[in-house]
Amino acid sequence: MTDGWDWRRPGDAPTPAAPPRAADPSAAAPGAAGGRAASPWWSDALADPWRDPAAPAAVVVPAPASGGTAPEPVSDPDAPGRPRLRQVLLISLVSALLAGALGGALGYALAVRGGVAAGTVLGADPAQAPALAQRKPESLAGVAERVLPSVVTVRVSSVGGTSEGSGFVVSADGHVITNDHVVAGGTGKASVVFNDGTSAPAKVVGQDPESDIAVIKVERTGLRPVEFGDSDALAVGDPVLAIGSPLSLVNTVTAGIVSALDRTMQAGEPGGPVRYYAAIQTDAAVNHGNSGGPLVDAAGRVVGVNSTIKSLVSDGQEAGNIGLAFAIPINQAKRVTQDIIGTGKARRTVIGAQVGGPGAAVAGGGVRLASVEPSGPAASAGLRAGDVILRLNGRPMAEPSDLIALVRKFAPGSVVTVEYRRGSSRQNASVTLAADAK
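A short tour of the structure in this document, coming up. (Residues numbered from 1 in each chain as written. Predicted model: local features only at pLDDT ≥ 70, side-chain atom pairs only at ≥ 80, totals over all residues. Heavy atoms only, no water.)

1. Some words on a nonpolar patch on the surface
Move 1: Taken together, the side chains of L90, V94 and L98 make up a nonpolar region of the molecular surface, amounting to roughly 300 Å² of accessible area.
Move 2: Locating L90 in the fold gives a position in helix α1 (residues 85–114).
Move 3: Accessibility expressed as a relative area gives 53% for L90, which makes it exposed. (Patch = residues over 30% accessible without salt bridge, like charges linked within 9 Å, V, L, I, M, F, W, Y side chains within 5 Å. Areas by Shrake-Rupley, 256 points an atom, 1.4 Å probe, with all protein chains shown as cover. Salt bridge = Lys/Arg side-chain N within 4 Å of Asp/Glu carboxyl O. Helix = DSSP H or I, 4+ residues; strand = E, 2+ residues; numbered from the N terminus. Buried < 20%, exposed > 50% of the residue type's maximum accessible area, 1.4 Å probe, protein only.)

Have a look at this one:
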């Protein structure tokens, strides 16, 4: 019997190896016959050529592992694994901070270059413009835009220098209304500067010192004349615009309201004529250079000629606007202008009586007539010297200048109601005013 190992000593003759036995297919495994069950672990261990001769001829089958707690799995720290939630959040946070810092730096750089602080949004979302911002023709901006092309700056050279004021075009052939005190003392020649900056020479057509109205003529065609309003239809509180060149600031527009009506004014320079007129008082800002410019209503119609201002400064000092400006009513200025263009001089409206002197102003109101011209308007209405005029067309009389200024407001031929006192009785009379034969 041999187990397949060569146990010869050195020097022994080689022994032919027995041929390996063929497996007997008919041989039954131990226990296969005789009622014993076949073992799944059976092997032909004795025929194993690699068997250790000193090992027992038995096969040890390891016992099945007893039940118990499974060992805790151990993961390889070096092996790539799935990132944890904390790591994901940390990475996202750091990325967001870096992105925000970069965006902020770029935004700040662009904002600084554009002149706007970083993060500042200027203005609200676009919306439809309110009605006041749409500059409709009836708005103040629309009125100013329509009237400005007809307003001019008037410059007159004289021995004492250059006088500057304002004016406005009243006819397509070039007639311009301004104040008499703007052209007074000049050589009869003037120049005007239009709204678009162009200029043209002009000549004085005529002037009326007592009403402070003068007319000049520009040799230019295609001019746009203003539209006239009705100064007698004004009411206190009506909105008005004053347009002109105050302090040489051309094309200046200021706004205000009618502060008072029939404010009697007595003005004039030392040694010059005394001017009387029942003015339109306004709080629109008017300064030196506005003289002769138009005062227009909310419809863009000229209702007055800006003429003078009141100030708190002493005589000889430069006066400025304090919200008290006065304009000649356009009904009076238009009438005087028509007279000047037609005849070269203006008619003066009179009542045919004289006031003034000691005792002219009566305590308790009213002005006393010093004399009455025979066959004049007052005498024809039955008035006498010594009568005290209390009201003229409802307007109370307090000073002699009140009667003079209010009479000159009306056109010759106008019929006015005079309330007067003779002795202790009050009476009314209708007086038809006349033109002075000067």
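2. Some words on the sheet that holds strand β6 (residues 213–218)
Move 1: With respect to topology, six strands assemble into a closed barrel ordered β1-β2-β3-β6-β5-β4, the strand pairing being antiparallel. When the angles between neighbouring strand axes are averaged without regard to direction, this sheet yields 40 degrees.
Move 2: One ladder, built from five bridges, connects strand β4 (residues 186–193) with strand β5 (residues 199–208); its direction is antiparallel. Looking across to β5, one finds that K189 is bridged to K203. (Pairing = 2+ DSSP bridges. Axes fitted to C-alpha atoms, helices over the stretch in contact; angles between N-to-C directions.)

3. Things to note about unusual backbone geometry
Keep in mind that most residues, glycine aside, have a negative phi and that most peptide bonds are trans.
Move 1: Positive phi values are uncommon outside glycine, yet D262 reaches one of about 55 degrees.
Move 2: If you trace the backbone, D262 turns up in strand β9 (residues 252–267).
Move 3: In this model, N393 sits at a positive phi of 55 degrees, which is unusual for a non-glycine residue.
Move 4: Positionally, N393 belongs in the loop between β17 (388–392) and β18 (395–396).

4. Here's the deal with empty space enclosed by the protein
Move 1: Summed over the entire model, instances satisfying the criterion amount to two cavities of 30 Å³ or more.
Move 2: For the lining of the largest cavity, the leading source of residues is helix α4 (residues 330–343), giving three residues.
Move 3: For the lining of the largest cavity, the class distribution of residues is two nonpolar, three polar and six charged.
Move 4: Counted as a void, the second largest cavity has a volume near 30 Å³.
Move 5: Around the second largest cavity sit V151, V152, T153, V193, F194, G244, S245, V250 and N251, which together line it.
Move 6: When residues of the lining of the second largest cavity are assigned to their parent elements, the largest contribution, three residues, is made by strand β1 (residues 151–158). (1 Å grid on protein atoms, 1.4 Å probe; cavity = no way out; pocket = protein on both sides within 12 Å on 5 of 7 lines; lining within 4 Å. Points joined across faces, edges and corners; volume = space filled by probe spheres on them. Nonpolar A, V, L, I, M, F, W, Y, C, P; charged D, E, K, R; others polar.)

5. Concerning the pattern of salt bridges
Move 1: Under the counting rule described, the total for this entry stands at 13 salt bridges.
Move 2: Taking the shortest distance from any N to any O, the salt bridge between R275 and D212 comes out at 3.4 Å. Placement of the pair is R275 in strand β10 (residues 275–282) and D212 in the loop between β5 and β6, with a sequence separation of 63 residues. Residues R275 and D212 agree in their burial class; the two are buried.
Move 3: Across the pair K409 and D232 runs a salt bridge whose closest N-O atoms are separated by 3.9 Å. Pair noted here: K409 is in helix α6 (residues 400–409) and D232 is in the loop between β7 (227–228) and β8 (239–244), with a separation of 177 residues, a long-range link.
Move 4: Given the relative accessible area of 52%, D232 is considered exposed.
Move 5: Where salt bridges share partners, they join E210, R348, R408 and D436 into one cluster.

6. Examining the nonpolar core
Most often, soluble globular proteins keep nonpolar side chains buried together rather than apart.
Move 1: By size, the foremost hydrophobic cluster in this structure holds 26 residues, and its most contacted members are F168, V296 and V305.
Move 2: Only α2 (140–147), β6, β8, β10, β12 (301–309), β13 (325–329) and α4 provide two or more residues apiece to this core.
Move 3: If you tally residues by element for this core, the top one is α4, at four residues.
Move 4: Membership of the second largest hydrophobic core comes to 21 residues, among which are A378, L383, L406 and F410. (Core = buried A, V, L, I, M, F, W, Y, C linked by side-chain atoms within 4.5 Å.)

7. A short note on the environment of P246
Move 1: As for its placement among the helices and strands, P246 is situated in the loop between β8 and β9.
Move 2: Using a relative accessible area of 9% as the deciding quantity, one classes P246 as buried.
Move 3: For the pair P246 and G165, spaced 81 residues apart in the sequence, the C-alpha separation amounts to 7.8 Å.
Move 4: Sequence-distant contacts of P246, defined by excluding residues within four places in its chain, comprise T252, N287, H288, G289 and N290. (Contact = heavy atoms within 4.5 Å.)

8. Focus on the pairing of β17
Move 1: By the criterion of burial, β17 is predominantly enclosed, with four of the five residues buried.
Move 2: Judged from the two bridges that link them, strand β16 (residues 367–372) and β17 form a sheet pairing that is antiparallel. By the bridge assignment, V367 is partnered in β17 with I389.
Move 3: For β17 and strand β19 (residues 415–422), the ladder comprises four bridges, and the chain directions are antiparallel. What sits directly across from L392, in β19, is V418.
Move 4: Relative to β18, β17 runs antiparallel, the two sharing two bridges.

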